[in-house]
Amino acid sequence: MATLSVTVNGAKVRAEVEDRTLLVHFLRDHLKLTGTHVGCDTSQCGACVVHVGGRAVKSCTMFALQADGEDILTIEGLAKDGKLHPMQAAFQEHHGLQCGFCTPGMIMTALDILKRDPHPDDATIRHELEGNLCRCTGYLNIVKAIRAAAEGG
């Protein structure tokens, strides 16, 4: 066991974790933040994407202890005072989800895309989403939602 100190969605957290605990399991099992999904266990689907130190990472590929001292942002940390984050609102308005399983990871990835390129074209958005799988939508409305968020609405 080792001590992990992180800030998750603005709250300081200190916990004892096994060295082998993956970040996704720490978030889901220890902190009960179940918006981060486990979809494939092989880092292929992107359902587990969170932000660590301001960067999008697949939390199923990272040990919790590797995040020691970092700020972590999960899907649960986006909405403020009961109001959806603009990216969440864009996904809702533009029907960027169907079953919703991939949606948290898509939204977290989308935020990272816009952080790096505030005005991406559709080809760039599609390319940047290659690490996120959606088995329902065909990506058309996901791309529309990200583009709408980039345009401010």
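Rules of the game
Residues numbered from 1 in each chain as written. Predicted model: local features only at pLDDT ≥ 70, side-chain atom pairs only at ≥ 80, totals over all residues. Heavy atoms only, no water. Helix = DSSP H or I, 4+ residues; strand = E, 2+ residues; numbered from the N terminus. Rg over C-alpha atoms; globule rule 2.2 N^0.38 Å. Buried < 20%, exposed > 50% of the residue type's maximum accessible area, 1.4 Å probe, protein only. Contact = heavy atoms within 4.5 Å. Pairing = 2+ DSSP bridges. Axes fitted to C-alpha atoms, helices over the stretch in contact; angles between N-to-C directions. Core = buried A, V, L, I, M, F, W, Y, C linked by side-chain atoms within 4.5 Å. Parallel < 35°, antiparallel > 145°, perpendicular 65-115°, else oblique. Left-handed = near helix turned anticlockwise from the far one by under 90°. Nonpolar A, V, L, I, M, F, W, Y, C, P; charged D, E, K, R; others polar.

**Q** Any chance you could explain the overall build of the chain here in plain terms?
**A** Looking only at helices and strands, one finds five helices and five strands in the chain. Taken from the N to the C terminus, the helices and strands of the chain come in the order β-β-α-β-β-β-α-α-α-α. In terms of overall dimensions, the chain is globule-like: its C-alpha atoms have a radius of gyration of 15 Å, near the 15 Å expected for 153 residues. Each of the three principal axes of the chain carries a C-alpha extent, and together these read 45 × 35 × 25 Å. For the chain, with 153 residues in total, the buried portion stands at 42%.

**Q** Would you take a moment to explain the environment of glutamate 16 for this structure?
**A** Looking at where glutamate 16 falls in the secondary structure, it is placed in strand β2 (residues 11-17). Glutamate 16 gets classed as partly exposed once you look at its relative accessible area, which sits at 43%. The spatial distance from the C-alpha of glutamate 16 to the C-alpha of threonine 3 is 4.6 Å, given a sequence separation of 13 residues. When sequence neighbours within four positions are dropped, the list of residues in contact with glutamate 16 reads Met1, Ala2, Thr3 and His30.

**Q** Explain the sheet that holds strand β1 (residues 2-8) here, please?
**A** Where strands meet in a sheet, backbone hydrogen bonds hold them as pairs that are either parallel or antiparallel. In spatial order, the strands read β2-β1-β5-β3-β4; together these five strands make up an open sheet with mixed pairing. Unpaired on one side and paired on the other, β2 and β4 (55-58) mark the two borders of the sheet. Taken over all neighbouring pairs, the strand axes of this sheet differ in orientation by 40° on average, direction set aside. Relative to β2, helix α1 (residues 23-30) is tilted by about 105°, and along the sheet it contacts β1, β2, β3 (49-52) and β5 (71-73).

**Q** What is the right way to read the nonpolar core from this model?
**A** Within soluble globular proteins, side chains that are nonpolar generally end up buried alongside one another. With 22 residues, the main nonpolar core has Met87, Phe91, Met106, Ile107, Leu129, Ile142 and Ile146 as its most contacted residues. Those elements that provide at least two residues to this core are α2 (86-93), α3 (103-116) and α5 (140-150). The leading source of residues in this core is α3, at seven residues. Discounting residues that sit within four places of it in the chain, leucine 129 has contacts with Met106, Thr109, Ile113, Ile142 and Ile146. Core analysis: the second largest hydrophobic core is formed by 17 residues, Val17, Phe26, Leu33 and Val52 among them.

**Q** Which parts of the structure should I look at to understand the packing of α3 against α5?
**A** For any two helices packed against each other, one specifies the crossing angle of their axes together with the interaxial distance. It is at 11 Å that the axes of α3 and α5 come closest, and there the two elements cross at 45°. Taken together, the axes of α3 and α5 are oblique relative to one another. Our pair here, α3 against α5, has a crossing hand that is right-handed. From α3, Met106, Ala110 and Leu114 reach across to α5, where they touch Ile142, Ile146, Ala149 and Ala150. Of the residues belonging to the contact of α3 with α5, the class tally is seven nonpolar, no polar and no charged.

**Q** Please clarify how the side chain of glutamine 88 should be interpreted in this entry.
**A** By the secondary structure assignment, glutamine 88 is in helix α2. Under the relative-accessibility criterion, glutamine 88 is labelled buried at 12%.

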